[in-house]
Amino acid sequence: MPTNETPRLEVRKTYKLYVGGAFPRSESGRSYVVNNAKGKFLANASQASRKDARDAVVAARMAFGGWHARTAYNRGQVLYRIAEVMEGRHQQFSTEVAAGEGISIGKARAVVDASIDRWVWYAGWADKLAQVVGSSNPVAGPYFDFSLPEATGVVAVLAPQDSSLLGLTSVIAPAIVSGNTVVAVSSYERPLPAVTLGEVMATSDVPGGVVNILTGSASEIGPWLASHQDVNAIDLCGVASEDEARDLEIAAAGNLKRVRRPADEDWTADQGLSRLTQYLELKTVWHPIGV
Amino acid sequence: MSRFEYAPAPESRAIVDIKSSYGLFINGQFVDATDGKPFKTVSPASEEVLAEVSEAGPADVDKAVRAARKAFDKVWGPMSGKDRAKYLFRIARLIQERARELAVLESLDNGKPIRESRDVDIPLVAAHFFYYAGWADKLEYAGVGDDPRPWGVAGQVIPWNFPMLMLAWKIAPALAAGNTVVLKPAETTPLTALAFAEICRQADLPPGVVNIVTGAGHTGQALVEHPDVDKVAFTGSTDVGRAIARSVAGTRKAVTLELGGKAANIVFEDAPIDQTIEGIVNGIFFNQGHVCCAGSRLLVQESVYDEVLGRLKRRMETLRVGDPLDKNTDIGAINSAAQLAKIRELSQIGEDEGAERWSPECELPANGFWFPPTVFTGVSQAHRIAREEIFGPVLSVLTFRTPAEAVEKANNTPFGLSAGIWTEKGSRILWMANQLRAGVVWANTFNRFDPTSPFGGYKESGYGREGGRHGLEAYLAH
């Protein structure tokens, strides 16, 4: 038996996109270098193209009907399952967050804790939204009239650039809990936790296509998502430049997308209802009352 | 069998006192427009000139926004919700007291039947002010967090199809939430908004809280793009809505848009037939079809197609088209020459594309803008009359076999404002209502409105809701 065993050579991970429940590389064949906060090479990430974005929208649209039709109870269960599976990968997320964001492993653990807790928080909203946001309306006439919230459809998310996991969680969870499907473009500099989150999605009973994660440049992909006729809403929180945000809003006006504008947000704070209601439509149903 | 003929029953015009010319209502006063370009508003039923109205230019809009800002900062914003509520209750009462006059004025300027302005529009206007008056001192209970705040100055642009009702939908929640407003009524129907300005004076509403600037598209654009407007609310066409969404891009303005529609009115074979025929007629011929949520695409299950069409045509033969001020009139005048031309053009396209056009025999008045109630059969989904909003008394009929097919066809449009379902089967109603991508679903009824009931669209029919708690929410930052 050899006495001086050499350290095991690690198997490194190939980071890919997450589209329609599968992990393709970019159709463009492109990748880009991801460094840690100190500039040391971490990995090559896929650099998503316009075609990847379109494929992701197709996948999200395909998934919308089924996801939207699930019971609220079931969607809540699936979101909670995401939190459970993340818990099992705590170490991996912590390492990636620490490397990408340049924070200590202790702080990174706290970020992962907060991210998991956020999934749990949103999971609980699934079967409460209709009661809080919906209503029975006392109209002046013999009609039963009620209003219920419904998912808007396919939501494009340009995720926060700085907060690579907690920020990403905070923008995806409120969109999908009500039945929307999502195409998210991750932080460009810090995409690794996003890829790992995709792997969590794939193993958390989230149907393929409900969440699609593209790594790459929001500046490059954003305009295609903003002008896409089959995207119903767009979250611009990861766009730093005001000019860029304005241009994306103009493009989004093409099919009257619901637009969430960028704002300075504290991702550690309680999120309130606004991100949930941003991606809801309210449907009002009237029926006569009589015998 | 001989039929009883209706004798004419015209509503008296004497109740209305129309001035020969009107200024803009800014800071509690009627003032002349600075560039002074007047335009005329006519009765669409007779083409008679009713009054001359001022066109507000950018300088006038600026003046109105400044007045609104000042009123927001000094008076309306700091005022207690309780007092704001009282002002709104006063306005609601004044509207009730002057209901007859407002209804006649509305029918004169808009061309809609007095039966509708008297029984639908104006009562709903008062109801909206009453409803939102009660919210003014209860904002912290509106479910939008514990510190709801008004946006500030609201710039509001409304259409010509329900001039006074749209004013109420916009102004009542805005004021209840503590905003001040600058409102631009449509250029063809400014008179009831100007009458409303007088009502604000009778209510002693503080100057600047409500400002009315008349004019056309450029006035609206100046208002929407004014840098000191915090909240934009628009009701009108999807194209203009898109332009507004573009123009506010990159600003911090809050926006709500109520835009076009192409509602499917879906009739199943077990539908209560008499009510259904009335519902179809109400759905498309109410207000001459100048309704964004009009049931303009009739989807009939094949098995009852012949019966429904036969009965519908028979019912259409009894519709009376003519003088809007006649209490017997069902269908009034088309609002403007331009709108009439658009309806004619799209109807011609319907024929050219192969759909079959039918209207009952009816004599149209010699003057004014008129279009007979019209139904197109043999319409396919690709036809323009099945895809585009006609905004007139024109119904396109399609058929389906299964509920799934009805859903597929109903949702096959970029719009998503409203839909109708006609069936006796409750479980089917609820299933259909679930499947339809529309903001309002009327089951076994159509075109119902109420201040407590949220209204608004999916997809390209706009964003935000009006009416109810949700309509209030649109005027609160939270």
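Because the structure is a prediction, the values reported are computed rather than measured. Sequence positions are assigned chain by chain, starting from 1 and proceeding in written order. Each chain gets a letter, beginning with A, and each ligand a number, beginning with 1, in the order they are written. The predicted origin of the model limits local features to residues at a pLDDT of at least 70 and limits the giving and counting of side-chain atom pairs to 80 or more, whereas totals for whole chains, interfaces and linings rest on all residues. Only hydrogens and water are set aside; all other atoms, that is, all heavy atoms of the structure, feed into the side-chain values.

Comments concerning the overall build of chain B
Helix numbers and strand numbers start at the N terminus; a helix is a DSSP run of H or I with at least 4 residues, a strand a run of E with at least 2. Each helix and strand in chain B was counted, giving 15 helices and 19 strands. The globule rule used here is 2.2 Å times the number of residues to the 0.38 power, and the radius of gyration it is set against is calculated over C-alpha atoms. Relative to a compact globule of 478 residues, whose C-alpha radius of gyration would be 23 Å, chain B shows 22 Å and is just as compact. Judged by the C-alpha coordinates and their principal axes, chain B covers about 65 × 50 × 35 Å. The classification of residues rests on relative accessible area computed with a 1.4 Å probe and restricted to protein chains. Under 20% of the type maximum is buried, over 50% is exposed, and intermediate values are partly exposed. Looking at chain B as a whole, 64% of its 478 residues qualify as buried. Throughout, the Shrake-Rupley method with a 1.4 Å probe supplies accessible areas, and for residues the shown protein chains are the sole cover considered. Carbon together with sulfur atoms contributes 49% to the accessible area of chain B, which is approximately 17300 Å² in total.

Points about the packing of helix H3 (residues 90-101) of chain A against helix H7 (residues 192-202) of chain A
Pairs of packed helices are described in terms of their axes, by the angle between the two and the distance that separates them. Residue and element names in this part refer to chain A. As a packed pair, H3 and H7 sit with axes 9 Å apart at the nearest point and diverge in direction by 160°. Taken together, H3 and H7 sit at an angle that is classed as roughly antiparallel. Like other packed secondary-structure pairs, H3 and H7 cross with a definite hand, here left-handed. When H3 is examined against H7, the residues Gln92, Phe93, Glu96 and Val97 are found in contact with a partner set consisting of Leu192, Pro193, Thr196, Leu197, Glu199 and Val200. Classification convention: Asp, Glu, Lys, Arg as charged; Ala, Val, Leu, Ile, Met, Phe, Trp, Tyr, Cys, Pro as nonpolar; all other residues, Gly among them, as polar. Broken down by class, the residue content of the contact of H3 with H7 amounts to 6 nonpolar, 2 polar and 2 charged. As a rule, the C-alpha atoms of each element are fitted with a line to give its axis, helices using only the stretch in contact, and angles between N-to-C directions run from 0 to 180 degrees. To sort the angles, those under 35 degrees are grouped as roughly parallel, those over 145 as roughly antiparallel, those from 65 to 115 as roughly perpendicular, and the leftovers as oblique. Note on convention: the crossing is left-handed when the near helix lies turned anticlockwise from the far helix by less than a right angle, right-handed when the turn is clockwise. Between two residues, a contact is recorded if the distance between any of their heavy atoms is within 4.5 Å.

A short note on the interface of chain B and chain A
Residue-level contacts link 44 residues of chain B with 38 residues of chain A. Summing both partners gives a buried area of about 3100 Å² for chain B against chain A, and 52% of it is carried by carbon and sulfur. Three residues stand out in chain B for area buried against chain A, namely Arg437, Tyr458 and Tyr463 of chain B, and they jointly supply 16% of the buried area on that side. Whenever a carboxyl oxygen of Asp or Glu lies within 4 Å of a side-chain nitrogen of Lys or Arg, that contact is scored as a salt bridge. On the surface where chain B and chain A come into contact, there are 2 salt bridges. Salt-bridge contacts for arginine 465 of chain B lead to glutamate 281 of chain A; the nearest nitrogen and oxygen are separated by 3.1 Å. Contacts described as polar in this section are N or O atom pairs within 3.5 Å, which, within protein, must combine one atom able to donate a hydrogen with one able to accept it, while residues neighboring in sequence count only if both atoms come from side chains. The interface formed by chain B and chain A contains 29 residue pairs in polar contact (both at pLDDT 80 or more). Every element with two or more residues in the side of chain B that touches chain A is listed here: helix H8 (238-247), strand E11 (254-258), helix H14 (426-435), strand E18 (440-443) and helix H15 (468-473) of chain B. Here the buried area means the combined drop in accessible surface, using a 1.4 Å probe, for two parts upon being joined, counting both sides.

Considering the environment of leucine 299 of chain B
Residues and elements named next belong to chain B. Along the polypeptide, leucine 299 turns up in strand E13 (residues 297-301). Judged by relative accessible area, leucine 299 falls into the buried class, the value being 1%. The spatial distance from the C-alpha of leucine 299 to the C-alpha of valine 397 is 6.1 Å, given a sequence separation of 98 residues. Other than its neighbours up to four places away in sequence, leucine 299 contacts Ala264, Asn265, Ile266, Val267, Leu398, Phe400, Ala406, Lys409 and Ala410.

So, the packing of helix H5 (residues 163-176) of chain B against helix H6 (residues 191-202) of chain B
All names here are of chain B. Relative to each other, H5 and H6 sit at 50°, their axes nearing to 8 Å. By the angle between their directions, the pair H5 and H6 is classed as oblique. For the pair H5 and H6, the crossing hand works out as right-handed. Here Pro163, Met164, Leu167 and Ile171 of H5 lie close against H6, whose contacting residues are Thr192, Ala193 and Phe196. In the contact of H5 with H6, the residues fall into 6 nonpolar, 1 polar and no charged.

Regarding the sheet that holds strand E4 (residues 143-151) of chain A
Read from one edge of the open sheet, 10 strands run E3(A)-E4(A)-E10(A)-E18(B)-E17(B)-E12(B)-E13(B)-E16(B)-E15(B)-E14(B), paired in mixed fashion. Two strands close off the open sheet at either side, each with one partner strand: strand E3 (135-136) of chain A together with strand E14 (356-358) of chain B. At least two bridges found by DSSP between two strands is the condition for calling them paired. Looking at chain direction, strand E15 (residues 374-377) of chain B and strand E16 (residues 394-400) of chain B are connected through 3 bridges and run parallel. Bridge pairing links phenylalanine 376 of chain B to serine 396 of chain B in E16 of chain B. Contacts from helix H10 (residues 305-316) of chain B reach strand E12 (264-267), E13, E14, E15 and E16 of chain B, with the element oriented near 160° to E15 of chain B.

Quick notes on the environment of arginine 401 of chain B
Residues and elements named next belong to chain B. Note on placement: arginine 401 falls in the loop between E16 and helix H13 (403-411). Look at arginine 401 and you get exposed, because its relative accessible area is 57%. The sequence separation of arginine 401 and glutamate 302 amounts to 99 residues, and the corresponding C-alpha distance is 5.8 Å. If sequence neighbours within four positions are ignored, arginine 401 has contacts with Gln301 and Glu302.

Here we look at the UniProt feature "domain: Aldehyde dehydrogenase" (unreviewed entry) in chain A
Cross-referencing UniProt, the feature "domain: Aldehyde dehydrogenase" (unreviewed entry) maps to residues 27-259 of chain A in the present numbering. Span residues 27-259 of chain A is 51% helix and 18% strand, its end C-alpha atoms 28 Å apart. UniProt positions are given in the numbering used here, feature names are shortened, and annotations may be inferred rather than shown by experiment.

Considering unusual backbone geometry
Residues and elements named next belong to chain B. Backbone geometry at asparagine 444 places phi at a positive 55°, although glycine is not the residue there. Tracing the backbone through its elements, the reader meets asparagine 444 in the loop between E18 and H15. What makes asparagine 444 buried here is its relative accessible area of 12%. Here the phi dihedral of asparagine 447 falls at roughly 55°; this positive angle occurs in a residue that is not glycine. Of the residues examined, asparagine 447 reaches a relative accessible area of 6% and is grouped as buried.

Observations concerning the domain arrangement of chain B
Residue and element names in this part refer to chain B. Domain start and stop positions are those given by an automatic or database domain assignment. Each assigned domain of chain B is listed with its residue range as follows: domain 1 (21-259 + 458-477) and domain 2 (264-443). For domain 1 and domain 2, the distance between their C-alpha centroids amounts to 30 Å. Domain 1 puts 31 residues into the contact, and the matching count from domain 2 is 33 residues. It is Trp160, Tyr458 and Lys459 in domain 1 that bury the most area against domain 2; as a group they hold 22% of the surface buried on that side. Remark: the boundary between domain 1 and domain 2 carries 1 salt bridge. Across the pair aspartate 330 and arginine 115 runs a salt bridge whose closest N-O atoms are separated by 2.8 Å. Summed over the shared surface of domain 1 and domain 2, the result is 18 residue pairs in polar contact (both at pLDDT 80 or more). Within the residue set of the side of domain 1 that touches domain 2, elements represented by two or more residues are helix H3 (99-110) and helix H4 (114-133). With 6 residues, the top contributor of residues to the side of domain 1 that touches domain 2 is H3.

Quick notes on the pattern of salt bridges
Inspection of every chain in the model, using the stated rule, returns 44 salt bridges over all chains. Aspartate 127 of chain A serves as the salt-bridge partner of lysine 128 of chain A, at 2.8 Å between the closest nitrogen and oxygen. Aspartate 127 of chain A gets classed as partly exposed once you look at its relative accessible area, which sits at 37%. Because the salt bridges share partners, they merge into one network encompassing Lys19, Arg98, Glu101 and Glu198 of chain B.

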